[in-house]
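Listed below, chain by chain, are the residues.
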Amino acid sequence: MTSSEPLAKQFLGFDLSTQQLKGVVINEKREVLHESHVQFDTDLPEFRTHNGVITVLTKGQKPEVSAPVLMWVKALDMILERLRVCGADFSQIASLSGSAQQHGTVYWVNGAEETLKSLDEGQFLHNQMATSFASPTAPVWLDSSTTAYSQKLEESVGGPEELAIITGSKAYERFSASQIAKVASIRTTVYNKTERISLVSSFMCSLFLGKYAAIDYADGSGMNLLDIKSKEWSPQLLEATAPGLAEKLGDPVPSHSVLGQISNYFVERFGFNEECDVVAFTGDNPSSLAGMCLEEGDMAISLGTSDTLFMWLKEQKYLENGSVFVNPLNETEYMGLLCYKNGSLVRERIKDKCTKSKGWEEFGSLLQSTPWGNFGYMGLYFDEEEIVHPVQGEFKFDQDGRRIEKFDSHEVEIRALVEGQFLLKRLHLEDLDIPVESFSRIVATGGASQNQMILQVIADVFNAPVYTLDNKNSALLGAAYRALDSYSRFAKAGRKNENGAPLAQGLTLVCSPYSEALQIYTPMVEKCRAQMKSILPSIGDDEAS
Ligand SMILES: Nc1ncnc2c1ncn2[C@@H]1O[C@H](COP(=O)(O)OP(=O)(O)O)[C@@H](O)[C@H]1O
Ligand SMILES: O=C(CO)[C@@H](O)[C@H](O)COP(=O)(O)O
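Keep in mind that this is a model prediction, so the values were computed, not measured.

Q: It is not clear to me how the UniProt feature "domain: Carbohydrate kinase FGGY N-terminal" (unreviewed entry) in the protein should be interpreted in this structure. Could you clarify?
A: The UniProt record marks residues 139-291 with the feature "domain: Carbohydrate kinase FGGY N-terminal" (unreviewed entry), using the residue numbering of this structure. The span residues 139-291 is 50% helical and 13% strand by assignment, and the distance between its end C-alpha atoms comes to 26 Å.

This is the structure we're talking about:
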């Protein structure tokens, strides 16, 4: 290349998930050039998080779960250094975007935007932003201490279904409206000195923009505040949540919006091009949808900290116990999502309990050493109160469906856990009228999608082939793809699938279902239903229906 030729364009994506901040640089062909991450617990031990969060237990109350906002800011300082050490040349970045764990809220103190606008490139971000937040912590998606506020929100519009018709979801404790209502009601000083409330995604975006970033439609759908048809905040729900909320949220924008150019701080400190576009950040699940390039008939399974199931929806649909978000790639369409708190962290706990090595390899070998159907043994593990059903505890059953104290062996326990996790998901899909026959393949992503044995259980329980992307971090890739697509939206069309999403890169078939899987697992779904019914009456009949 001669010195007069312009450098090839590159695109930067971030994903601020529960346990880590990841960053990736791609080129115009969507090839990964550099990738790095910062693990909160181990790289930033001074914030004393466990699995990325802080849990406060108060007797007689549900635990409060939050994350230190400055930890995320410091992680950003670190990831940029790490990417630079990997060889990233930020002057080549034409556009950047990002994603983040959904629903969490950040409270910027009065005057914080002035700090964002006048950052000194000679200093770390976290030093300059230490006093920028009205609350040092942000409530996150694992928090469910807001039951009373969720109930009030539903009552304000006539019930859960009415709320779901407006916002795509009934009131969930982890959703932003209930979290904000709690802050406004019991931490009044914090609320009153807040000039802006960001989602975790728009908070991260604000740091790059050097001013407050708008909330995008897709992540905004996880707040119980956005009317997902009109794409405006619902005045009725704003009113029911907290006073003066509209001004604190700013107007929502389409997910592909270019919100401006990168702040001078990053130009001077890290050598970014001053014309680098900053594209609205979105939620990690919407971003995964963009990174996985889903097609009609695909079911996505994300095995991150949470387990989530999601799919592209052409039209808005009522998903009881699930959620419907505005689609991040096409704002006239939607995506459906079911989220489970008891995903990777429960698998990790049982791995540590049941393996000598405490390693995933041994966990996988033990899982493989047991037969499909596990001799009829089944386990339902809810370390945290689950989202889809308000149930907590460990429930173990023998071949006859009787409750037992413990399983005979570690391998039986491991299979009981993994089969139970995915049978329950199949049961919930069937209850939503989404039978296994309605999707032709499963695309898996997230940390646990590198475990072939877990994926085999998924293929068998759902009787569908399982594919993974070469890069398991689809939310992260989706962020970089969205940066690229928004940059080139007007420049070039690019190859697209029929949904308008870019064509998938490096999608590999990793597992096919065992030929008799359907005969084995269909009756087990019914057993699982019966076992859930045996558990739920102790909590309340309404919840079991
Ligand atoms: N080989 C593996 N088998 C099963 N689970 C794994 C494996 N490697 C990592 N994990 C799980 O992946 C989780 C992290 O996934 P990741 O998608 O990075 O999470 P998040 O994006 O929520 O921070 C960990 O909690 C861990 O339990
Ligand atoms: O609450 C939800 C989705 O509704 C979670 O999926 C969060 O978005 C956290 O994501 P991970 O950190 O597990 O990827």
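Q: How should I be thinking about the nonpolar core in this particular structure?
A: Taken as a class, soluble globular proteins show a tendency for nonpolar side chains to be buried jointly. Formed by 167 residues in total, the largest nonpolar core has its most connected members in W72, L76, F203 and F272. Lining this core are residues from two domains, each supplying at least three of them: domain 1 (10-280) and domain 2 (288-545). One finds A94, C293, A483 and L484 within the second-largest nonpolar core, a separate group that totals eleven residues.

Q: Which parts of the structure should I look at to understand empty space enclosed by the protein?
A: Rolled over the atoms, a probe as big as a water molecule pinpoints where empty space is left. In this structure the tally under the stated criterion is two cavities of 30 Å³ or more. Taken together, Y340, N342, G379, L380, Y381, F382, E386, L417, G420, Q421, L424 and K425 make up the full set of residues lining the largest cavity. Contributions of two or more residues to the lining of the largest cavity are made by β19 (378-382) and α17 (410-431). For the lining of the largest cavity, the leading source of residues is α17, giving five residues. For the lining of the largest cavity, a count of residues per class yields six nonpolar, four polar and two charged. The computed volume of the second largest cavity comes to approximately 30 Å³. If you trace the second largest cavity, you find it lined by Y172, R174, N321, G322, S323, L337, L338, C339 and I387. Across the lining of the second largest cavity, the residue classes tally to five nonpolar, three polar and one charged.

Q: Please clarify how the UniProt feature "domain: Carbohydrate kinase FGGY C-terminal" (unreviewed entry) in the protein should be interpreted in this entry.
A: Within the UniProt annotation, "domain: Carbohydrate kinase FGGY C-terminal" (unreviewed entry) is assigned to residues 299-483. Overall, residues 299-483 shows 34% helix and 24% strand. The separation of its end C-alpha atoms is 24 Å.

Q: How do you make sense of the sheet that holds strand β20 (residues 393-397) when you look at a structure like this?
A: Two orientations exist for strands paired in a sheet by backbone hydrogen bonds: parallel and antiparallel. Pairing is antiparallel in the open sheet, where three strands are placed in the order β19-β20-β21. A single partner strand is all that each edge strand has here, and the edge strands are β19 and β21 (403-404). Judged from the five bridges that link them, β19 and β20 form a sheet pairing that is antiparallel. Within β20, the residue paired with F382 across the bridge is G393. The sheet strands contacting α17 are β19 and β20, and the helix crosses β19 at an angle near 70°.

Q: Please explain the environment of L70 as it appears in this structure.
A: Structurally, L70 is set in helix α2 (residues 69-86). Along the backbone, L70 and A130 are 60 residues apart, and their C-alpha atoms lie at a distance of 6.8 Å. The contacts of L70, once residues within four sequence positions are left out, are F47, H126, M129, A130, F133 and P136.

Q: Can you help me understand the site of ligand 1 in this one?
A: In the vicinity of ligand 1 lie 16 residues, with S17, Q20, T305, E348 and G447 positioned nearest. In the model, an oxygen atom of ligand 1 is placed 2.9 Å from a nitrogen or oxygen of the G447 main chain. Compared with its free state, where it exposes 580 Å², ligand 1 has 86% of that area covered by protein. Put simply, the parts of the chain that give the shell around ligand 1 at least two residues each are β2 (20-27) and α15 (344-354). A class-by-class count of the residues in the shell around ligand 1 yields three nonpolar, eleven polar and two charged. Composition of the shell around ligand 1 by domain shows at least three residues from each of domain 1 (10-280) and domain 2 (288-545).

Parameters and conventions
Residues numbered from 1 in each chain as written. Chains lettered and ligands numbered in written order. Predicted model: local features only at pLDDT ≥ 70, side-chain atom pairs only at ≥ 80, totals over all residues. Heavy atoms only, no water. UniProt positions renumbered as here; feature names shortened; annotations may be inferred. Helix = DSSP H or I, 4+ residues; strand = E, 2+ residues; numbered from the N terminus. Core = buried A, V, L, I, M, F, W, Y, C linked by side-chain atoms within 4.5 Å. Buried < 20%, exposed > 50% of the residue type's maximum accessible area, 1.4 Å probe, protein only. Domains from an automatic or database assignment. 1 Å grid on protein atoms, 1.4 Å probe; cavity = no way out; pocket = protein on both sides within 12 Å on 5 of 7 lines; lining within 4 Å. Points joined across faces, edges and corners; volume = space filled by probe spheres on them. Nonpolar A, V, L, I, M, F, W, Y, C, P; charged D, E, K, R; others polar. Pairing = 2+ DSSP bridges. Contact = heavy atoms within 4.5 Å. Axes fitted to C-alpha atoms, helices over the stretch in contact; angles between N-to-C directions. Near = heavy atom within 4 Å. Polar contact = N/O pair within 3.5 Å; in protein donor to acceptor, adjacent residues only side chain to side chain. Areas by Shrake-Rupley, 256 points an atom, 1.4 Å probe, with all protein chains shown as cover.

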